[in-house]
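Letter by letter, the chains look like this.
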Amino acid sequence: MNVLQVSAEIFPLLKTGGLADIAGALPAALNAAGCEVRVLLPGFAPIMADLQSSQVLAELTAPWGERVVLLQGVLGSLGIGAYVIDVPHLYLRPGTPYEDEQRQPYPDNHLRFALLGWMAAQLACGLDTHWPPAVVHSHDWHAALTSAYLAFGPARGRRVASVYTVHNLAYQGVFAPIHFFDLGLPPHAFSVNGLEFHGQLSFMKAGLYYADHITTVSPTYAQEIQTPEQGCGLDGLLRARAHDLSGILNAVDEAVWNPATDALIPHAFETTKPAGKARCKAALQQELGLALAPDAPLFGVVSRLTEQKGLSLVLGVIDDLIARGGQLVVLGTGDTSLEVAFRARAAANPQAVSVRIGYDEAYAHRIFSATDVTLVPSRFEPCGLTQMYGLKYGSLPLVHRVGGLADTVVDCALENLADGTANGFVFHDFTPEALDLAMRRALALYARKSEWHSVRQRAMQQSLGWDTAAAQYVALYRHLLV
């Protein structure tokens, strides 16, 4: 089964969040399950640099007159076939894939990512005669127009199934309505039964409305987005498509996230040889200038610093954490107010709190290897990979019970400790008080070393790889092609 995966990012070449991790790991997992996967990506600089054995597959003109060169080759870092859209003036820019150096969205983002969807539809309709896809699987708003272009484009007699995965419904790719006329879609596509969303143009809605099937990245989130509280204004559409909506839990690339083999951490460790974790903790404390206290519970945050991630709650409990002998390490970037607040806490408590603004993949690995607890107090969380990385590295997750956090973390309540299912700490109410109580439970268990080590060992032994998720995707693809 030929599967074309369409995304704006892919790890390890280009990453702004968890989307890239999934886009990088899923092709190999699907290939192992019997598919043949190729990826379609915009020609951002890291992707162009990694493309090997490239040749021009086609030169086309987009509906708005853009001349487009489509390259075909192999991504050297991943060893998978790739199509890359080579339009330098659209993609070879400073900043992130979506924003300039001043963190402002590029004003032509609607064209930059419409082109991604349009090109996916061309490939689905047989542009590469040697490799016709049976399934086109697009990810998040950047690739959401794929399904719309398929719905209105020339099918050329081929049946191609379209799957659209929502990684975060809050990021919708909403643009001014005038931009609809640039896209080359028929006028009636800009309607309530189409791309129109409260008078605006919504790429996300295109994916939700036109795809054959919608997936989200956890079963709980698939239910949550059908409610007004988490539906971001699209819950009505999602309820109407409930029979075409499913949640498939994300997984961890265990070739990348494995403390026994991780070259990015100073000391390897595993469940049967745990001593390296204590050495990783000591090394990070020394690196950051924290007090060299092996028994101090070390909490970690690796996150975008945004309101969604619940980090205002963390700011509310830092003083209590320090008073109880704990330490905190933060890595992330985002809202200026949160960056300033965390920096101030670190400046006031340099031996107990360390904050680094930005993102550093190697440093993230060191944090998971060193910390005792991974904090993920998100207001909402489609899946979350951070808590899974914490589990793999014996950094027990402390999470708000939403989305994929609810699907992966079991609280260390007495009954769960007794039956061996506990692997972290869970709070229900989104308040500093509830987080503080969960933190106190974590500190209480940490003081009971033998129980802590038992829970940590079970957490590290959990199977979090891609086999189960890949099998679910393959079953879905086959169902759609019947």
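Analysis parameters
- Residues numbered from 1 in each chain as written.
- Predicted model: local features only at pLDDT ≥ 70, side-chain atom pairs only at ≥ 80, totals over all residues.
- Heavy atoms only, no water.
- Helix = DSSP H or I, 4+ residues; strand = E, 2+ residues; numbered from the N terminus.
- Rg over C-alpha atoms; globule rule 2.2 N^0.38 Å.
- Buried < 20%, exposed > 50% of the residue type's maximum accessible area, 1.4 Å probe, protein only.
- Contact = heavy atoms within 4.5 Å.
- Areas by Shrake-Rupley, 256 points an atom, 1.4 Å probe, with all protein chains shown as cover.
- Axes fitted to C-alpha atoms, helices over the stretch in contact; angles between N-to-C directions.
- Parallel < 35°, antiparallel > 145°, perpendicular 65-115°, else oblique.
- Left-handed = near helix turned anticlockwise from the far one by under 90°.
- Salt bridge = Lys/Arg side-chain N within 4 Å of Asp/Glu carboxyl O.
- Pairing = 2+ DSSP bridges.
- Core = buried A, V, L, I, M, F, W, Y, C linked by side-chain atoms within 4.5 Å.
- Polar contact = N/O pair within 3.5 Å; in protein donor to acceptor, adjacent residues only side chain to side chain.
- Right-handed = clockwise from strand over helix to strand, strands pointing away.
- Nonpolar A, V, L, I, M, F, W, Y, C, P; charged D, E, K, R; others polar.

Colleague: Tell me about the overall build of the chain, and name the residues and values.
Modeller: Along the backbone of the chain there are 18 helices and 18 strands. Computed over its C-alpha atoms, the radius of gyration of the chain comes to 23 Å, within 12% of the 23 Å expected for a compact globule of 482 residues. Taken along the three principal axes of its C-alpha coordinates, the chain extends 65 × 45 × 45 Å. For the chain, buried positions account for 58% of its 482 residues. Of the contacts made within the chain by residues no fewer than 6 positions apart, 71% connect residues no fewer than 24 positions apart. Of the roughly 18400 Å² that the chain leaves accessible, carbon and sulfur atoms contribute 53%.

Colleague: An account of the packing of helix 10 (residues 311–323) against helix 16 (residues 432–446) is needed here, citing residue identities and associated values.
Modeller: The contact between helix 10 and helix 16 brings their axes to 9 Å, and the two run at 45 degrees. On the basis of their axis angle, the class for helix 10 and helix 16 is oblique. Where helix 10 crosses over helix 16, the two elements pack in a sense that is right-handed. Across the interface between the two elements, L313, V314, V317, D320 and L321 from helix 10 touch P432, L435, D436 and M439 from helix 16.

Colleague: Go over the pattern of salt bridges, please, and point to the residues and values.
Modeller: Evaluated as defined, the whole model comprises 19 salt bridges. Notably, a salt bridge pairs E59 with R67, separated by 3.9 Å at the nearest N-O pair. Residue classification places E59 among the exposed positions, given a relative accessible area of 53%. Here D235 and R239 are joined by a salt bridge, their closest N and O atoms 2.7 Å apart. Placement of both D235 and R239 in helix 8 (residues 235–240) is noted, with a separation of 4 residues, approximately one turn of the helix. Taking the relative accessible area as the measure of exposure, D235 reaches 11% and is therefore buried.

Colleague: Explain the sheet that holds strand 10 (residues 200–202) to me, and be specific about the residues and the numbers.
Modeller: Remark on secondary structure: sheet strands pair via backbone hydrogen bonds, oriented parallel or antiparallel. If you trace the 3 strands from one edge of the open sheet to the other, you get 8-10-9, paired in antiparallel fashion. Sheet topology places strand 8 (174–175) and strand 9 (196–197) at the edges, where each strand pairs with a single neighbour.

Colleague: Tell me about the sheet that holds strand 11 (residues 213–216), and please be specific about residues and values.
Modeller: Ordered by their spatial adjacency, 9 strands build an open sheet running 3-4-5-2-1-6-7-11-12, and the pairing between neighbours is mixed. Of all the strands in the sheet, the pair left with one neighbour each is strand 3 (51–61) and strand 12 (245–247). With strand direction ignored, the average angle separating the axes of adjacent strands in the sheet is 25 degrees. Bridge count for strand 6 (residues 135–139) against strand 7 (residues 161–166) is 5 bridges, and the pairing is parallel. By the bridge assignment for strand 7, V135 is matched with A161. Each of strand 1 (2–6), strand 6, strand 7 and strand 11 touches helix 18 (residues 467–481); the most contacted strand, strand 7, lies at about 140 degrees to it.

Colleague: How would you summarise unusual backbone geometry if you had to cite specific residues and measurements?
Modeller: The peptide bond linking F11 to P12 adopts the cis configuration, its omega dihedral lying at 10 degrees. For P12, the position within the fold is in the loop between strand 1 and helix 1 (18–32). A positive phi angle, near 50 degrees, is found at S53, a position not held by glycine. In this fold, S53 is placed in strand 3. In the Ramachandran plot, H198 falls in the positive-phi region, its phi being about 55 degrees despite a non-glycine side chain. In this structure, H198 sits in the loop between strand 9 and strand 10.

Colleague: Break down the nonpolar core for me, with residues and values.
Modeller: Core analysis: the biggest nonpolar cluster contains 86 residues, and L30, F299, L328, L398 and W466 have the highest contact counts within it. Counting residues per element, this core draws most heavily on helix 16, which supplies 8 residues. Formed by 76 residues, the second largest nonpolar core is a distinct cluster that contains Y98, L123, L195 and Y210.

Colleague: Lay out the side chain of T165 in plain terms, naming residues and giving numbers.
Modeller: Note on placement: T165 falls in strand 7. Of the polar contacts made by the side chain of T165, one reaches the side chain of T215; its length is 2.6 Å. Contacts of T165, omitting those with residues within four sequence positions, involve H137, S138, H139, D140, T215, V217 and Y473.

Colleague: Can you break down the pairing of strand 1 residue by residue, with the values?
Modeller: Most of strand 1 sits inside the fold, with 5 of its 5 residues counted as buried. Residues N2, L4 and V6 line one face of strand 1 and the alternating positions V3 and Q5 line the opposite face, and both faces are buried. Once you follow strand 1 into helix 1 and on to strand 2 (residues 36–42), the crossover reads as right-handed. Pairing analysis gives 4 bridges linking strand 1 to strand 6, with the strands arranged parallel.

Colleague: Break down the pairing of strand 11 for me, with residues and values.
Modeller: Burial along strand 11 is two-sided: H213 and T215 and I214 and T216, pointing in opposite directions, are all buried. Where strand 7 and strand 11 come together, 4 bridges link them in parallel fashion. Following the sheet pairing, T165 is matched in strand 11 by T215. Pairing between strand 11 and strand 12: 3 bridges, direction parallel. Paired with T216 across the strands is G247, a residue of strand 12.

Colleague: So what's going on with the packing of helix 4 (residues 109–124) against helix 5 (residues 145–152)? Residues and values would help.
Modeller: For the pair helix 4 and helix 5, the least separation of the axes is 7 Å and the interaxial angle reads 45 degrees. Between helix 4 and helix 5, the angle falls in the class oblique. Viewed along their axes, helix 4 and helix 5 form a crossing whose handedness is right-handed. Across from A114, G117, W118, A120, A121 and A124 in helix 4, the residues of helix 5 making contact are L145, T146, Y149 and L150. For the contact of helix 4 with helix 5, the residue count by class is 8 nonpolar, 2 polar and no charged.

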